[in-house]
Structures are given as C-alpha cells and as structure tokens.
Amino acid sequence: MTSDHLDTELTAFTSKFTELKTEIHKAIVGYDDLLTETLVAIFSQGHILLEGVPGLGKTFLVRTLCDVMGVEPGRIQCTPDLMPADILGTHIVNENEEGRRVMHFEKGPVFANLVLVDEINRATPKTQAALLEVMQERSVTAGGDTMMLPAPFFVMATQNPMEMEGTYPLPEAQLDRFIFKLKVPFPDEKDLIEISKRTTGFHTTELNRVISAEDLLRFQEVLTHVPIADHVTAFAAQLVLATHPENAFANDQVKRYVSYGSSPRGLQALIRGARVHAVLDGRTAVSTDDIREVAMSAMRHRVILNFEGEAENINVDALVKDIIDGLATSGQTAAAAAA
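Note that the coordinates shown come from a computational prediction; the quantities given were computed from them, not determined experimentally. (Residues numbered from 1 in each chain as written. Predicted model: local features only at pLDDT ≥ 70, side-chain atom pairs only at ≥ 80, totals over all residues. Heavy atoms only, no water.)

S.K.: Got a sec to walk through the overall build of the chain? Specific residues and values, please.
M.R.: Helix and strand counts for the chain stand at 16 helices and eleven strands. Relative to the globule expectation of 20 Å for 339 residues, the C-alpha radius of gyration of the chain, 21 Å, shows essentially globular dimensions. Considering only C-alpha atoms, the chain reaches an extent of 75 × 45 × 45 Å along its principal axes. Within the chain, the fraction of its 339 residues that count as buried is 50%. Once local pairs closer than 6 in sequence are excluded, the contacts in the chain between residues at least 24 apart make up 75%. Across the chain, 30 positive and 47 negative side-chain charges occur, with their mean positions spaced 1 Å apart. (Helix = DSSP H or I, 4+ residues; strand = E, 2+ residues; numbered from the N terminus. Rg over C-alpha atoms; globule rule 2.2 N^0.38 Å. Buried < 20%, exposed > 50% of the residue type's maximum accessible area, 1.4 Å probe, protein only. Contact = heavy atoms within 4.5 Å. Lys, Arg positive; Asp, Glu negative; His and termini not counted. Charge placed at Lys NZ, Arg CZ, Asp CG, Glu CD.)

Structure (structure tokens):
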C-alpha cells in the first residue's frame, strides 16, 4: 500500500469513526471514553469484556453497535444450566426428501457477526470454555467438521463484578482472548437525568447504519499498515514483561502480589489498539503515549494476583497504573534494567 493511499484511507477511517460515535450517542448517554475504547477494540479485530453492575446499559450498547454497523447480531444469555451445545449448536435428526433420517447440524447463536454473551460469569466453567475455539479460531468444530464463523466476528461479553451472588470466575485462558476489559462506570447526576428523559417515553431513537461489514473489514486491514518504530514496540514489550514477577522490569508490588502476568496476546493488544489511537490523534505513526493510552484496558485482565494479593484485596488497576508509570518512555533495555 502506497503512502498516499494509506493517508487517504486513514482519513476516511477517522471520519467514519467520528460518525459512528455521533450516531451511537443518539441512543447512549455519556460513556464517551467507553465508546471510544469499544470502537478501538472492534477496529483492532478484538473481543471485548465489559464489566459493571446490572442496569448500566451494557446490553443496550451491544444492540446499538449492531444497528449502526449493519452486522448480524447474536445473543447468549448465560445461566448456570446453560450447556455448550446451547451456544455452539448441535446435531439433530431430520428426514430428507426421500424420507430417510439424516443428521443435520443446527447452528447456535455464535454464528453471527457480533455475539453478545450476557453475564458470561454466570455460566459454569464448562460452558465458558466452549467459547475458547470460537474466540481464538473464529470457528466451531462439531462431529469432526470445522465450520468457519462469518466475518467480521466479535464477541462482546458482559460480566458482573465477582462480589455479586451466583458468579463464576472466568478461566485465565479465556480472559486472555479478550483484547480489552472495559469497566462501565455508574452515570453521574446529569447523565441519569438525561437517561430518564430518553427512556421513559413510548418512542425509541431511530439509528442510521453508518458502516457496512465490508468497510469494517477494509478499515481493519488498513490499520495494520500503520507503522510502528522499534523503540515503541520495545516499550510495549517491556510493559508486558513488567507484569511478570520474575522479570527484571517488575517493580516490588508485582514481585510481591502477582502470580503471573500478560501473555504475548497482551503485546498484540497494545500494538493493535495503539495504532488506532495514533490515527485518531491525527498521526500516521505510533508513539509510546499511544501504548500508554491502551495499556490499562489491555493489561488489567491479564495480571493475575497470587494468594497474598487476593488476601490483601490489591487493586489490579492501581497495580497496572504503577507499572505503566514506572516504565521510562524510551531508551530502556532489559540489559540496563538487569544491571
């Protein structure tokens, strides 16, 4: 891709991103930062985990995204008795035109473009694990056959805080498959009043389709061409290494309270998200500030506390912030840190 073509496509992307946010704000009150990070994750080809107490509009946000992006929605409402076949699909016996019984695969709700997995941590670990192949390979294997899911494909899962009754912790392998974990804040007084005005009448807001699935895929591909310098990639790698207690980049808090840190998927999340932020800021190259911009969303679910950290109720967000603030923006190497 030539430089001129890339600049043209990135300008079109920035315009479309702004248009998407404007259209979503017709239905969603506030949450400007949350909307930005959600769209950044989508254009970064990643799945999203939304955490917040019930009633904050997480499910409505996903429905709104489907409306403005023109993608096919799917929905899974997680309960303790949900089975893997309820998500993926199952083989059933049908009769063909000749009256013979044949096996037919009835597709589950994951065969959609944007799948809402509502209250994912109310499902049992067995059912949660059914999403592992879906999220990583974007395919479903059943009866020896592998079926690809439609493109684009995203999982947006909502999660209740673990303190709430009837929740199961997500396996670390599944958490790692979400590019971002975003926390949904409680609205302030001004936003609550506006929510009341918009949602207590008989009429709902009509939303326009802003982007097609084909354009979404095109912009995702274009964003992979945004250049990133070696020293910026090195900073992102140092950030990942700093979440591991045995590494030289780790601070005292990490060494004391963390069991293990981010996988290489965390580095991928940093690079992909930083590229989008750089373009939105009007630049065609990624800086370390862009890495810092996405670091909290990309790292907070990839830092796993040890027993002491859990017992002392260590705040993971504060821990990640200390890691980010403690790293120099340039010129630091593993050898220098070890020395």
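S.K.: Explain helix α2 (residues 32-43) residue by residue, including any values.
M.R.: Since the α-helix turns once every 3.6 residues, residues separated by three or four places project in the same direction. For α2, built from twelve residues, the straight-helix expectation of 16 Å at 1.5 Å per residue is met to within 8% by its first-to-last C-alpha distance of 17 Å. Across the twelve residues that make up α2, a large majority, ten, are buried. Listed as buried for α2 are Leu34, Leu35, Thr36, Glu37, Thr38, Leu39, Val40, Ala41, Ile42 and Phe43. (Expected span 1.5 Å × (residues − 1).)

S.K.: Tell me about the packing of aromatic side chains, and please be specific about residues and values.
M.R.: Counted by the stated rule, this structure contains five aromatic pairs. The rings of Phe13, Phe17, Phe43 and Phe219 are connected pair by pair, giving a single aromatic cluster. (Phe/Tyr/Trp six-rings, centres within 6.5 Å; stacked < 30°, edge-to-face > 60°.)

S.K.: Provide a residue-level description of the environment of methionine 69, including the pertinent values.
M.R.: Tracing the backbone through its elements, the reader meets methionine 69 in helix α3 (residues 58-69). A relative accessible area of 1% places methionine 69 in the buried class. Separated by 146 residues in sequence, methionine 69 and aspartate 215 place their C-alpha atoms 9.5 Å apart. Not counting residues within four places of it along the chain, the set of residues in contact with methionine 69 comprises Leu20, Ile42, Leu114, Arg209, Ile211, Ser212, Ala213 and Leu216.

S.K.: Could you give an account of the environment of alanine 151, with specific residues and numbers?
M.R.: Among the secondary structure elements, alanine 151 is positioned in the loop between β7 (145-148) and β8 (154-159). Distance from alanine 151 to histidine 5, taken between C-alpha atoms, is 24 Å for residues 146 residues apart in sequence. Among all residues touching alanine 151, those that are not within four sequence positions of it are Asn113 and Leu217.

S.K.: Can you break down unusual backbone geometry residue by residue, with the values?
M.R.: For the peptide bond that leads from alanine 151 to proline 152, omega is -5°, which places it in the cis range. Looking at the element boundaries, proline 152 is found in the loop between β7 and β8. Unusually for a residue other than glycine, glutamine 45 sits at a positive phi of about 65°. Take glutamine 45: its relative accessible area is 31%, and that puts it in the partly exposed class. At glutamate 119, a position not held by glycine, the phi torsion is positive, near 55°.

S.K.: Just give me the short version of the sheet that holds strand β1 (residues 47-51), but keep the residues and values in it.
M.R.: As summarised here, the arrangement of the five strands in space is β2-β5-β8-β1-β9, forming an open sheet in which the pairing is parallel. Taken across any chain shown, the strands that pair with only one partner, and hence form the sheet edges, are β2 (73-77) and β9 (178-183). The sheet shows a mean angle of 15° between the axes of neighbouring strands, taken without regard to direction. The pairing of β2 with strand β5 (residues 114-118) spans five bridges and is classified as parallel. Looking at the pairing, glutamine 77 lines up with aspartate 118 of β5. (Pairing = 2+ DSSP bridges. Axes fitted to C-alpha atoms, helices over the stretch in contact; angles between N-to-C directions.)

S.K.: Tell me about the side chain of serine 44, and please be specific about residues and values.
M.R.: By secondary structure assignment, the location of serine 44 is in the loop between α2 and β1. Here serine 44 falls in the buried class, since its relative accessible area comes to 3%. Excluding residues that lie within four positions of it along the chain, serine 44 makes contacts with Ile179, Arg272, Gly273 and Val276.

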